[in-house]
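A look at the structure
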Amino acid sequence: VTQGGGAPSARHHRAAQKGRRLWPYGFVLPAVAVLVAAFLYPLVAVIRFSFYSGSLGNLIYVGTANYEGLWQDPVFIGSLLNNLKLLATVPIMTVLALIIALILNAQIRGWQQYRAIVFLPYILPATSIGLTFSFLLQENGVLNTQLRRWHLGALAQDWLGSATHVVPTIGGVIIWQQLGFGVVVFAAALLAVPQELIEAARIDGATGWQIQWSILLPQIRRLIEFFVIVEAITVLSSIFTYVYVLTKGGPADASSVMEYYIFDNGFDNGAIGVASAAVVVLLLLAGVLIVIYLRLRARAAEPGR
Amino acid sequence: MRGLSRGAAQQILLIALSLVSLYPLWFIGDCPKIGGVRRQPLLAGANRWWA
């Protein structure tokens, strides 16, 4: 009787245990489903599309032809080079933001107001900024009108209409907007540096410059690394709005960037395969930066560092 | 001759930086596409371009 009654009880116990093991997965299932639907599915779909040609309703498998076509397309190469040129804004932005944050850190009169003013462009929509700068920088715009008034007409350029000046001009607009983010981040980090360290250095006879260079900057090194990587990813993959509003990739594709190339092919030309292949290339480039960032973070988390 | 004090130099730098940050924002109100008021005659040429 005992054996006959024990077996169902053990089975019931095992089933209950299995249920308990599976129960937590039930809780995470909605979140996983949302992540798969929102991120994994589009990612897989875009990789799949990059091997096809034609429209959504009539896809034709073309193998790696889209990727081969990219490298033979001068517009794509130009767009990629423009992205790489714009990466030069990252060190400029970082150094400027550090200098301003170090000055603000001296807590001179009105430093909080200055910090707020510098941060202001960062919170404005890129569309408004793009429209305003297209107004300021056009051939007969505010900047050139002022330069001519001050008898500096030789400096007046077609900032957005010349193939030579357009990319540096877009870079300048990006620096103008993103600088405030760096200043606020670095200023906050500098405020968090323990005062004892600075006092100890001062007692040891360190000069103001030595304190800035050898105490403050190493203390916020991790944050500088974070900022550089985040800005590099931003410049690589989040500058479509500036290009679209300021120049629409012109003149003659001289200011096209990879995002604009993707938009132009995917939406205007209906070449979904080519656009998807360009997305994959952009994803790989951004992926390299993300891996670098994750490795830096992992290194920072190691004990003794 | 002594130059500017360090504090004064920092103030001048920050005021210049603030002007650079704020000056373009002044023109958001001018841009017809955003629906601002046009300022004449400085922007006459620019407004013709927009129109």
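What counts, and where the lines are drawn
Residues numbered from 1 in each chain as written. Chains lettered and ligands numbered in written order. Predicted model: local features only at pLDDT ≥ 70, side-chain atom pairs only at ≥ 80, totals over all residues. Heavy atoms only, no water. Helix = DSSP H or I, 4+ residues; strand = E, 2+ residues; numbered from the N terminus. Buried < 20%, exposed > 50% of the residue type's maximum accessible area, 1.4 Å probe, protein only. Areas by Shrake-Rupley, 256 points an atom, 1.4 Å probe, with all protein chains shown as cover. Core = buried A, V, L, I, M, F, W, Y, C linked by side-chain atoms within 4.5 Å. Contact = heavy atoms within 4.5 Å. Axes fitted to C-alpha atoms, helices over the stretch in contact; angles between N-to-C directions. Parallel < 35°, antiparallel > 145°, perpendicular 65-115°, else oblique. Nonpolar A, V, L, I, M, F, W, Y, C, P; charged D, E, K, R; others polar. pLDDT = per-residue confidence, 0-100. Patch = residues over 30% accessible without salt bridge, like charges linked within 9 Å, V, L, I, M, F, W, Y side chains within 5 Å. Salt bridge = Lys/Arg side-chain N within 4 Å of Asp/Glu carboxyl O. Pairing = 2+ DSSP bridges. Phe/Tyr/Trp six-rings, centres within 6.5 Å; stacked < 30°, edge-to-face > 60°. Lys NZ or Arg CZ within 6 Å of the ring centre and 35° of its normal. Polar contact = N/O pair within 3.5 Å; in protein donor to acceptor, adjacent residues only side chain to side chain.

All right, on to the overall build of chain B then. Of the regular secondary structure elements, chain B holds two helices and zero strands. Per-residue burial for chain B yields a buried fraction of 35% across its 51 residues. Roughly 3500 Å² of accessible area belongs to chain B as shown, and the carbon and sulfur atoms make up 67% of that amount.

Here we take up the nonpolar core. Residue and element names in this part refer to chain A. Counting 75 residues, the largest nonpolar core has Phe-186, Ile-220 and Tyr-242 as its most contacted members. Per-element accounting of this core gives the leading share, 14 residues, to helix 8 (residues 166-191). Residues contacting Phe-186, with those up to four places away along its chain left out, are Thr-94, Ala-97, Leu-98, Ala-101, Ile-220, Leu-223, Ile-224 and Phe-227.

Right, let's get into the packing of helix 2 (residues 65-72) of chain A against helix 3 (residues 74-86) of chain A. Residue and element names in this part refer to chain A. The N-to-C vectors of helix 2 and helix 3 enclose an angle of 70 degrees; their axes lie 5 Å apart at closest approach. Judged by the angle between their axes, helix 2 and helix 3 are roughly perpendicular. Of the residues in helix 3, those in contact with Leu-70, Trp-71 and Gln-72 of helix 2 are Pro-74, Phe-76, Ile-77 and Leu-80. Of the residues contributing to the contact of helix 2 with helix 3, the split by class is six nonpolar, one polar and no charged.

Turning to the confidence of the model for chain B, a few remarks are in order. Looking at chain B as a whole, the pLDDT averages 68, with 51% of positions reaching at least 70. Residue range residues 39-44 of chain B is modelled with pLDDT below 50. Its contacts to residues more than four positions away, or to other chains, number 12 contacts.

On to unusual backbone geometry, then. Residues and elements named next belong to chain A. Its identity is not glycine, yet His-151 carries a phi of approximately 60 degrees, on the positive side. Notably, Lys-248 is not glycine yet its phi reads approximately 55 degrees, a positive angle. With a relative accessible area of 47%, Lys-248 lands in the partly exposed category.

In this section: the side chain of Ser-276 of chain A. All names here are of chain A. Within the secondary structure layout, Ser-276 lies in helix 14 (residues 272-301). Ser-276 gets classed as buried once you look at its relative accessible area, which sits at 5%. Residue contacts for Ser-276: discarding those within four places in its chain leaves Val-46, Phe-49 and Ser-50.

Moving on to a nonpolar patch on the surface. Residues and elements named next belong to chain A. A grouping of Leu-22, Trp-23, Tyr-25, Phe-27, Val-28, Val-32, Val-36, Leu-40, Leu-43, Val-44, Ile-47 and Leu-283 is seen on the molecular surface, where their side chains present a nonpolar patch of about 1200 Å² in accessible area. Within the fold, Leu-283 resides in helix 14. You can call Leu-283 partly exposed: its relative accessible area is 41%.

What follows covers the pairing of strand 2 (residues 58-61) of chain A. All names here are of chain A. In this sheet, strand 2 lies alongside strand 1 (residues 52-55) in antiparallel orientation, the contact comprising four bridges. Note that in strand 2 the partner of Ser-55 across the bridge is Asn-58. Turn length for the strand 1-strand 2 hairpin, with the two strands adjacent in sequence and antiparallel, is two residues.

Time to look at the packing of aromatic side chains. Residues and elements named next belong to chain A. This model, assessed by the stated rule, comprises 19 aromatic pairs over all chains. Residues Phe-76 and Tyr-261 carry aromatic rings whose centres are separated by 5.3 Å and whose planes lie at 65 degrees to one another, so their mutual orientation is edge-to-face. Residue Phe-76 is found in helix 3, and its partner Tyr-261 is found in helix 13 (residues 258-268); the two are separated by 185 residues along the sequence. In this structure, Phe-76 and Tyr-261 share a single accessibility class: buried. Taken together, the ring pairs in this structure connect Phe-119, Tyr-122, Phe-181, Phe-186 and Phe-227 into an aromatic cluster. The cationic tip of Arg-48 hangs over the ring face of Tyr-52; the distance from NZ or CZ to the ring centre is 5.2 Å.

Residue and element names in this part refer to chain A. Along the chain, Gln-177 falls in helix 8. The buried category is assigned to Gln-177, whose relative accessible area is 4%. Within polar-contact distance, the side chain of Gln-177 engages the backbone oxygen of Pro-121 at 3.3 Å. Setting aside anything within four residues of it in sequence, one finds Gln-177 in contact with Pro-121, Tyr-122, Leu-124, Ile-129 and Tyr-242.

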